Amino acid sequence: MTPESKPDAFPQLLSRAYEEQHSEIAFIAGGKVYRLARQRLGTITDMLVKETPFGCSMPILFMEHQGRRFYVLPRHGEGQYRVSAPFVNYRANVWALKELGVRRIIAWTGPGSLTPSLEIGDFVLPGDLLDMTRNRSRTFFENKGIGLLRQEPVFCPTLEKASESVLGEYGTPVASGAVYAVMEGPRLETPAEVKMLRQLGAELVGMTLAPEAFLARELEICYHPIAYVTAFAEGVGGEVDDTERRKRSDEAVNRIPEITWSLLDAIPDTPFACSCQDAMLRYKQRGVIGDDFHEWID
Ligand SMILES: [Zn+2]
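Bear in mind the structure is a predicted one, so any value in this text is a computation, not a measurement. (Residues numbered from 1 in each chain as written. Predicted model: local features only at pLDDT ≥ 70, side-chain atom pairs only at ≥ 80, totals over all residues. Heavy atoms only, no water.)

> Mind laying out the environment of S165, listing which residues take part and the relevant values?
Position of S165 among the secondary structure elements: in helix 3 (residues 157-169). Note: C-alpha distance between S165 and D291 (126 residues apart in sequence) is 33 Å. (Helix = DSSP H or I, 4+ residues; strand = E, 2+ residues; numbered from the N terminus.)

Written out as structure tokens, the structure is:
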């Protein structure tokens, strides 16, 4: 099964070339954050569905807030949840952002908590991934001898620092370094799976950060997720009625615009000291690939 089906329901497909780069920063968002983006994250100046060698990307919003420009890409498509996690075309989305000149990605995600200590509404900076997905296209380098990339640290340390400082400013309870298990979905986890994930050391469970994070590294893009806990996994954290759950999770989501704007100021626009942008360096040094990423997939 390949989730590379071409989305056919989007209102427009643009293939124009953008001569002026809009921004180096993109936010990949889930359904709730995307709805927020359309309502009050800033001014939408354009929207683009980008054709890539891997199919069409989701519509990418070109946004602006008080002179700062950024992109927002809804990974599940327009609306709340047009495409569920296993069918998201992660390769097309990440490739499209790379082609637009994006060098930093903050990925919003609303996982479940596997531990009572991470409560609904909490902000968490995941520090590691357990990739339990099964059927996804997980690399740009199929049938090629490249792509043996280190995953330590798993996420960009520069973006981690910026996110930590911004969340700290807001007095938001924030936990760092959590292990996020990525399940295939679209169904939720069974009680036995929850037990297994806890035994494996996972603290959050979701469906979207893999292969997204790994693909960003393959294209030498800095990537860091920010999670807001939306639920407890099966059998964790006692009974929370649905109204209360929704209230706490919505409160967290409502803080996202301010956090996003602060992140735009906190993310340095000077070259980063992290090694993300050199993920493919050893292949370049060996002469296996050149500098142009388009040629890495030929
Ligand atoms: Zn980085």
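So, next bit.
> Break down unusual backbone geometry for me, citing the residues and quoting the values.
For the bond from E152 to P153, the omega torsion is 0°, close enough to zero to count as cis. On the secondary structure map, P153 appears in the loop between strand 9 (123-132) and helix 3. At the junction of G185 and P186, the peptide bond is cis and its omega measures out at 5° in the coordinates. Backbone geometry at N143 places phi at a positive 60°, although glycine is not the residue there. Here N143 lies in the loop between strand 9 and helix 3. Judged by its relative accessible area of 82%, N143 falls in the exposed class. (Buried < 20%, exposed > 50% of the residue type's maximum accessible area, 1.4 Å probe, protein only.)

> Hey, could you go over the layout of surface pockets for me, with residue numbers and the actual values?
Of the voids in this model, the largest pocket is the one considered here, and its volume is about 980 Å³. Contributing to the lining of the largest pocket are 35 residues, with G110, G112, L188, T230 and A231 lying nearest its centre. The set of elements that each furnish at least two residues to the lining of the largest pocket consists of helix 1 (31-40), strand 7 (104-109), strand 11 (204-206), strand 13 (231-232) and helix 6 (242-254). Per-element accounting of the lining of the largest pocket gives the leading share, 3 residues, to helix 6. Along the lines of polarity and charge, the residues of the lining of the largest pocket split into 15 nonpolar, 12 polar and 8 charged. Here the second largest pocket defines a volume of roughly 230 Å³. What lines the second largest pocket is L148, L149, R150, E152, P153, P157, R217, S275, C276, D278, A279 and R282. (1 Å grid on protein atoms, 1.4 Å probe; cavity = no way out; pocket = protein on both sides within 12 Å on 5 of 7 lines; lining within 4 Å. Points joined across faces, edges and corners; volume = space filled by probe spheres on them. Nonpolar A, V, L, I, M, F, W, Y, C, P; charged D, E, K, R; others polar.)

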